[in-house]
Amino acid sequence: MPSYTELIDYRLSELIPDSNEILPQAMHYALFGGGKRLRPQLVLSTAQVLGTQLKDALDPACAIEMIHTYSLIHDDLPCMDNDDFRRGRPTVHRAFPEAIAVLAGDALLTEAFRVISIAENLSDRQIIRLTNCLAKRIGKEGMVGGQAIDILSLGQTMPQELLIIMDQKKTGDLFSCSLEFGAIIANASPLIEKHLRQVGLHLGLAYQIRDDLEDSSISSIPQKTGAKPSIVGILGIEAAKKIMKQSFDAIQHHLSFLPENADPINGLIKPYLNT
Ligand code: GRG
């Protein structure tokens, strides 16, 4: 039996094959850069834990990875983080013309919705619910909204509550969406969906703090004027670790409401939650 990542990689390479044309080439370059595929694995694992066949969840899982990839392409752009490298390779706007990088992100975002719209073995209602969930989680109230808070607060300090909301939107909402996708595909109850949403938000927060801890050096705490606001930079390492621990406990609490053993989901996320 192929692993989750093998299934995801194979299907993604069918959906976005390499090409001699520059736009699909840039999309393929971005999708096959060595990402961990954590979010689509969460879709597959949640759907499976809740009793659904993997094949029904594969296309929605690939759509989630397309969204994640689009967000990273745009996050790296000169008008955002201005990063030259990602996963040890030139960012898309360094490997291709910048306008093509913008368009590759746009095309992946659009393609994700198309792929969901034709997902096999799902009812029309499930497809509408997946579409609605995705639009909510990645739009102005979700990932894009969190990114906007981040960009607009450059060089400013922020209260702890807003820092948490920013990270939950920017990083947590796509994790939530991945877990909620599993629930929608498995026709799980609204209560299970609610608990999975909370798992995603806490996971996003812990994941973002972990990334910020890896980025930070002791000399940059408290963060310098003009820096991007982060929980680690503003509240310090110890306070950030405490929030991570609380998130970890909250994840375990919410997973305990699943009707089945949540070990497969925990197995995917635990390596990223060590403080
Ligand atoms: C530009 C619309 C838009 C949104 C950007 C992606 C994003 C929203 C914010 C996150 C920025 C960032 C890099 C945060 C660090 C945590 C994180 C999400 C890392 C990347 O995710 P991984 O570790 O990446 O799953 P791989 O490489 O495994 O795919």
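The rules behind each value
- Residues numbered from 1 in each chain as written.
- Predicted model: local features only at pLDDT ≥ 70, side-chain atom pairs only at ≥ 80, totals over all residues.
- Heavy atoms only, no water.
- Phe/Tyr/Trp six-rings, centres within 6.5 Å; stacked < 30°, edge-to-face > 60°.
- Helix = DSSP H or I, 4+ residues; strand = E, 2+ residues; numbered from the N terminus.
- Buried < 20%, exposed > 50% of the residue type's maximum accessible area, 1.4 Å probe, protein only.
- Lys NZ or Arg CZ within 6 Å of the ring centre and 35° of its normal.
- Near = heavy atom within 4 Å.
- Polar contact = N/O pair within 3.5 Å; in protein donor to acceptor, adjacent residues only side chain to side chain.
- Areas by Shrake-Rupley, 256 points an atom, 1.4 Å probe, with all protein chains shown as cover.

K.L.:
Describe the packing of aromatic side chains, listing the residues and the values that go with them.
P.N.:
Here the structure, examined in full by the defined rule, presents 3 aromatic pairs. Relative to Phe96, the ring of Tyr29 lies with its centre 5.4 Å away and its plane at 70°, an arrangement referred to as edge-to-face. Of the two residues, Tyr29 is situated in helix 2 (residues 22–31) and Phe96 in the loop between helix 5 (92–95) and helix 6 (98–117); the sequence distance between them amounts to 67 residues. Here Tyr29 falls in the buried class, since its relative accessible area comes to 17%. Accessibility expressed as a relative area gives 10% for Phe96, which makes it buried. Aromatic rings pair up to connect Phe175, Tyr207 and Tyr272 into one cluster. Here the basic side chain of Arg37 rests over the ring of Phe32, its NZ or CZ set 5.2 Å away from the ring centre. Seen from the ring of Tyr29, Arg89 lies directly overhead, with NZ or CZ sitting 3.7 Å from the centre.

K.L.:
So what's going on with unusual backbone geometry? Residues and values would help.
P.N.:
Look at Arg37: it is not a glycine, yet its phi comes out positive at around 60°. Position of Arg37 among the secondary structure elements: in the loop between helix 2 and helix 3 (38–49). Arg37 sits in the buried class, given a relative accessible area of 5%.

K.L.:
So, the site of the ligand: which residues are in play, and what are the values?
P.N.:
Neighbouring residues of the ligand: 19 residues in total, closest Lys36, Arg39, His68, Arg87 and Tyr207. A distance of 2.7 Å separates an oxygen atom of the ligand from a polar atom in the side chain of Arg87. Computed on the free molecule, the ligand has an accessible area of 710 Å², of which 91% lies beneath the protein chains in the complex.

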